[in-house]
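Take a look at the letters that make up each chain.
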Protein chains: 2
Amino acid sequence: MGFEEKTMKTEKIYEGKILNLRIDMVELPDKKYSKREIVEHPGAVAIAALTDDNEIILVKQYRKAVEKELVEIPAGMLEISEEPREAAVRELKEETGFSADKMEYICEFYTSPGFTNEKLYLFLATGLKAGESHPENDEYIDVLKFKLDNLVDMVWKGQILDSKTIIGAFAVSSYLQNKR
Amino acid sequence: MGFEEKTMKTEKIYEGKILNLRIDMVELPDKKYSKREIVEHPGAVAIAALTDDNEIILVKQYRKAVEKELVEIPAGMLEISEEPREAAVRELKEETGFSADKMEYICEFYTSPGFTNEKLYLFLATGLKAGESHPENDEYIDVLKFKLDNLVDMVWKGQILDSKTIIGAFAVSSYLQNKR
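So, how was this worked out
Residues numbered from 1 in each chain as written. Chains lettered and ligands numbered in written order. Predicted model: local features only at pLDDT ≥ 70, side-chain atom pairs only at ≥ 80, totals over all residues. Heavy atoms only, no water. UniProt positions renumbered as here; feature names shortened; annotations may be inferred. Least-squares fit on C-alpha atoms with pLDDT ≥ 70 in both. Contact = heavy atoms within 4.5 Å. Core = buried A, V, L, I, M, F, W, Y, C linked by side-chain atoms within 4.5 Å. Buried < 20%, exposed > 50% of the residue type's maximum accessible area, 1.4 Å probe, protein only. Helix = DSSP H or I, 4+ residues; strand = E, 2+ residues; numbered from the N terminus. Salt bridge = Lys/Arg side-chain N within 4 Å of Asp/Glu carboxyl O.

- Taking an unreviewed UniProt entry as the reference, chain A is identified by name as NUDIX hydrolase belonging to Acidilutibacter cellobiosedens.
- Under the UniProt heading Cofactor (unreviewed entry), the note attached to chain A is "Mg(2+)".

**Comments concerning the relation of the copies chain A and chain B**
Part 1 of the argument: At an RMSD of 0.0 Å, chain A and chain B line up after a rotation of 180 degrees and a shift of 0.0 Å along the axis. Each copy turns onto its partner about a two-fold axis.
Part 2 of the argument: Looking at chain A, 100% of its interface residues are interface residues in chain B too, so the copies touch through the same face.

**Remarks on the nonpolar core**
Part 1 of the argument: Core analysis: the largest hydrophobic core is formed by 57 residues, its most contacted members being Ile56, Leu122 and Ile167 of chain A together with Ile56, Leu122, Leu124 and Ile167 of chain B.
Part 2 of the argument: With 8 residues, helix H3 (residues 163-179) of chain B is the largest single contributor of residues to this core.
Part 3 of the argument: The contact partners of Leu124 of chain B, leaving out residues within four places of it in the chain, are Ala48, Leu50, Lys102, Met103, Glu104, Ile106, Val172, Tyr175 and Leu176 of chain B.

**Quick notes on the pattern of salt bridges**
Part 1 of the argument: Within this structure, the stated rule accounts for 38 salt bridges over all chains.
Part 2 of the argument: One salt bridge connects Lys12 of chain B with Glu15 of chain B, and the closest N-O pair in it is separated by 3.5 Å. Comparing Lys12 of chain B with Glu15 of chain B shows no difference in burial state: the two are exposed.
Part 3 of the argument: One salt bridge connects Arg90 of chain B with Glu94 of chain B, and the closest N-O pair in it is separated by 3.3 Å. Of this pair, Arg90 of chain B and Glu94 of chain B both sit in helix H1 (residues 84-96), 4 residues apart, which is roughly one turn of that helix. Comparing Arg90 of chain B with Glu94 of chain B shows no difference in burial state: the two are buried.
Part 4 of the argument: Residues participating in the shared-partner salt-bridge network are Arg22, Asp24 and Glu40 of chain A together with Lys64 and Glu67 of chain B.

What follows is the structure, encoded as structure tokens:
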């Protein structure tokens, strides 16, 4: 039947630029109590952008949290009161310069629901037109292209280490197969 | 050719039970500076456990961070100096009671590298034997089973909202197809 963890007390630890941290004291069944450390995040979008030649647009950037460069599909945080589809159009343009005739919703998911409410909306962009990119002030991004089939191989070879990009590779392959 | 963001200053904000928060001041190209808010996490394992009848074992639990019950593959954090495979065996047993003849490494990924170093190791468990579960004190878990094909359908229907479970569904389907 399921139950809910009722919040007995909440404590704000930090309010930042891209995330907040709070601790909730929750009530469990049988009057037990536990602490939940929760990272509040505004949510994000990611875009699997597919060229007419079946190539996926990828971005390579240094990720300080993991202390290495990662190859990922373009992505970015939702701005205040921004719709996911709008954000997908904006982020694709900013990071890669591409605009898309078609921006299809694929799926949405929580990246790590054990400690954060970050939700990510995944889109498939097609009918691409190249243009000028406008990365944010603190973003240094290389734009790459790989065949969709090669991207799935790269997952198996351990060359793609980012969860949204792995989901993008599998989900878009499966979506396109089912459509055909 | 890629660059690194050099840490100029680091500030610990919080040290907790399952995560720490710190802020790094980093140097970018052209002597620009930026702040990176980083959630430190010990890493985790997730287990796609497949019965002889091609059913995947799932757990349903309330996730305070997202304020709802989610259906996920079993998972848990790495303990200090624990190998991922050991942790996978332990977590599968604790959360579901199942032990496995075979625990195969499938892939690994960062859940959300924009702000956390959390890395997740995914395993495929087969040759399952049922036993008694031993969830942690603050875990309330229902164990469910779904056919692997149905799990992929559930992703498309928006019934699976957890990234590791989506990767598990697609990756294990693809892995088993390639093996045949």
